[in-house]
Each structure stands twice: as structure tokens, then as C-alpha cells.
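What follows is the residue order along each chain.
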Amino acid sequence: MVGRPISEAGIVVGGFALEGPELGVRVSGSGGESLVASGPFAESNEFVGGSYVIDVADIDEAIARAKKSPAAKAGHIEIRPVADY
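Residues numbered from 1 in each chain as written. Predicted model: local features only at pLDDT ≥ 70, side-chain atom pairs only at ≥ 80, totals over all residues. Heavy atoms only, no water.

Draft legend 1. Local environment of the overall build of the chain. Secondary structure summary: the chain contains three helices and four strands in total. Starting at the N terminus and walking to the C terminus, you meet the elements of the chain as α-β-β-β-β-α-α. Taken across its 85 residues, the chain has 11% of its residues classed as buried. For the chain, the accessible surface area stands at approximately 7000 Å², while carbon and sulfur atoms represent 55% of it. (Helix = DSSP H or I, 4+ residues; strand = E, 2+ residues; numbered from the N terminus. Buried < 20%, exposed > 50% of the residue type's maximum accessible area, 1.4 Å probe, protein only. Areas by Shrake-Rupley, 256 points an atom, 1.4 Å probe, with all protein chains shown as cover.)

See below:
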């Protein structure tokens, strides 16, 4: 049922929370060299705060669940299907 929080609905397959961007590290490569830089990164005004993997019937149910999340009111939620590879 869409009205219950996802933690009680039995649809959560997995998930995790992330620390803030100030604790992030970026690893990038160029010309065979690796560069490691500590965050936060000035050019970034958005960051991924965490993730849920849920098992729902379709995109409409995923959207309905996202609309009820506190994260949708304070920021935004991106919904993506899990890649099949």
C-alpha cells in the first residue's frame, strides 16, 4: 500500500546514507595520472545524500512513494530503474 512509509511497506531491497560532501574525495584521471582531491567541491551545488533500492510494480508507484518522502520537500529525489547488466 502506497500510504505506508517505505520502511514499513516491505518494498526496501537495500539502501544507504552518505556523509556530507565536505568529507568527499574525488579521484580523476588524465594522461595516465591519477589526481585525488578533497571535497567539498566549489563547482558542485548538489550532491547525492543516499540511496534506496525499492521493489515496486511500476514507475507510477515509485513516483507516489517519492512524493511522500521528506527528501522531496527539502530537495529532490531522482528515480531510476536498476540497470540490467
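This is not the end of the story, as more comes after the structure.
Draft legend 2. Spotlight on the pattern of salt bridges. Summed over the entire model, instances satisfying the criterion amount to two salt bridges. The partner of Glu 61 in a salt bridge is Arg 65, and the shortest N-O contact between them spans 3.8 Å. Of the two residues, Glu 61 and Arg 65 both sit in helix α2 (residues 59-67), four residues apart, roughly one turn of that helix. Between Glu 78 and Arg 80 there is a salt bridge whose closest N-O contact spans 2.5 Å. For the residue pair Glu 78 and Arg 80, the accessibility class agrees, reading exposed in each case. (Salt bridge = Lys/Arg side-chain N within 4 Å of Asp/Glu carboxyl O.)

Draft legend 3. Region of interest: a nonpolar patch on the surface. On the surface, a nonpolar cluster with roughly 290 Å² of combined accessible area is contributed by Ile 59, Ile 63, Ile 77 and Ile 79. Mapped onto the elements, Ile 79 comes out in the segment after α3 (70-74). (Patch = residues over 30% accessible without salt bridge, like charges linked within 9 Å, V, L, I, M, F, W, Y side chains within 5 Å.)

Draft legend 4. Geometry of the pairing of strand β2 (residues 25-30). Burial within β2 is sparse, with just zero of its six residues counted as buried. Note: β2 against strand β3 (residues 33-38), six bridges, orientation antiparallel. Looking at β3, one finds that Arg 26 is bridged to Ala 37. Remark: two residues form the turn of the hairpin made by β2 and β3, two consecutive strands paired antiparallel; Gly 31 in that turn has positive phi of roughly 60 degrees. (Pairing = 2+ DSSP bridges.)

Draft legend 5. Expanded view of α2. Listed in full, the buried residues belonging to α2 are Glu 61, Ala 62, Arg 65 and Ala 66. One face of α2 carries all of its buried residues, which in axial projection span an arc of 140 degrees. When the buried face of α2 is taken as reference, the exposed residues oriented beyond 90 degrees from it are Asp 60 and Lys 67. Looking at the buried positions of α2, the neighbouring elements they touch are α1 (6-9) and α3. A side-chain oxygen of the first residue of α2 lies 3.2 Å from the backbone nitrogen of Asp 60; this N-cap is Asp 58. (Arc of directions from axis to C-beta. Contact = heavy atoms within 4.5 Å. Polar contact = N/O pair within 3.5 Å; in protein donor to acceptor, adjacent residues only side chain to side chain.)

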